[in-house]
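Fold and contact review
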Amino acid sequence: MKPEVYEKFSFVEDEHWWFKARRKYVQRLIERYIMPDVSDVFCEVGCGTGGNLRMLASHEPVDAVEMDASGRESAKIKNVDGVRSIEAGSLPYNLPVKGPYKGVFSL
């Protein structure tokens, strides 16, 4: 994506209906199908500006990967509790994180 798109997402993703509805839907799936366990970790690949990290971290600790530097910086600025790391990387061969993960998300 273009850097200006990341900047726009960073401002709207907390309140825009699309992002809110998607997070709510994913949260319901997590609550329904993934059993809680304090020793497990989630991973979000392509975390963008971090709009999903708070919701994911409310269930499990999270590792995140984002290829765009400005997106990573926006995600880091949000300073979400439960996020263990936000690393540079991309699919399919440049993943700097290693599982095992209880869930891997690419939203």
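All values derive from a computational prediction rather than experimental measurement.

**A closer look at the layout of surface pockets**
Empty space within the largest pocket amounts to approximately 320 Å³. Every residue lining the largest pocket is counted, 23 residues in all, and those nearest its centre are Met-1, Gly-46, Cys-47, Gly-48 and Glu-66. Of all elements in the fold, only helix H1 (3-12), helix H2 (17-33) and strand S1 (42-45) reach the threshold of two or more residues within the lining of the largest pocket. Sorting elements by how many residues they give to the lining of the largest pocket places H2 first, with three residues. Tallied by class, residues from the lining of the largest pocket come to nine nonpolar, nine polar and five charged.

**Some thoughts on the environment of Arg-54**
Residue placement: Arg-54 occurs in helix H3 (residues 53-57). Residue Arg-54 is classed as exposed on the basis of its relative accessible area of 51%. Those residues in contact with Arg-54, other than ones at most four positions away along the chain, are Lys-78 and Val-80.

**Looking at the side chain of Glu-13**
With respect to the helices and strands, Glu-13 occurs in the loop between H1 and H2. The buried category is assigned to Glu-13, whose relative accessible area is 6%. One polar contact links Glu-13 to Thr-49, side chain to side chain, over a distance of 2.4 Å. There is a polar contact of 2.5 Å between the side chain of Glu-13 and the side chain of Lys-78. Residues contacting Glu-13, with those up to four places away along its chain left out, are Phe-19, Arg-23, Thr-49, Gly-50, Gly-51 and Lys-78.

**What about the nonpolar core?**
Of all hydrophobic cores here, the largest spans 14 residues; its most connected members are Ile-30, Leu-53 and Leu-56. Those elements that place two or more of their residues in this core are H2, H3 and strand S2 (62-66). The residues touching Leu-53, leaving out its near neighbours within four places in the chain, are Glu-44, Cys-47, Val-62, Ala-64, Ala-75, Val-80, Val-83 and Ile-86.

**Describing the packing of aromatic side chains**
One pass over the structure, following the stated rule, counts two aromatic pairs. Taking 6.2 Å as the distance between ring centres and 85° as the angle between the ring planes, the aromatic pair formed by Trp-17 and Trp-18 counts as edge-to-face. Among the residues examined, Trp-17 registers a relative accessible area of 62% and is labelled exposed. Using a relative accessible area of 45% as the deciding quantity, one classes Trp-18 as partly exposed. Relative to Phe-105, the ring of Phe-42 lies with its centre 5.1 Å away and its plane at 75°, an arrangement referred to as edge-to-face. With Phe-42 in strand S1 and Phe-105 in strand S4 (residues 103-105), the pair connects residues that are 63 residues apart, well separated along the chain.

Conventions used here
- Residues numbered from 1 in each chain as written.
- Predicted model: local features only at pLDDT ≥ 70, side-chain atom pairs only at ≥ 80, totals over all residues.
- Heavy atoms only, no water.
- 1 Å grid on protein atoms, 1.4 Å probe; cavity = no way out; pocket = protein on both sides within 12 Å on 5 of 7 lines; lining within 4 Å.
- Points joined across faces, edges and corners; volume = space filled by probe spheres on them.
- Helix = DSSP H or I, 4+ residues; strand = E, 2+ residues; numbered from the N terminus.
- Nonpolar A, V, L, I, M, F, W, Y, C, P; charged D, E, K, R; others polar.
- Buried < 20%, exposed > 50% of the residue type's maximum accessible area, 1.4 Å probe, protein only.
- Contact = heavy atoms within 4.5 Å.
- Polar contact = N/O pair within 3.5 Å; in protein donor to acceptor, adjacent residues only side chain to side chain.
- Core = buried A, V, L, I, M, F, W, Y, C linked by side-chain atoms within 4.5 Å.
- Phe/Tyr/Trp six-rings, centres within 6.5 Å; stacked < 30°, edge-to-face > 60°.

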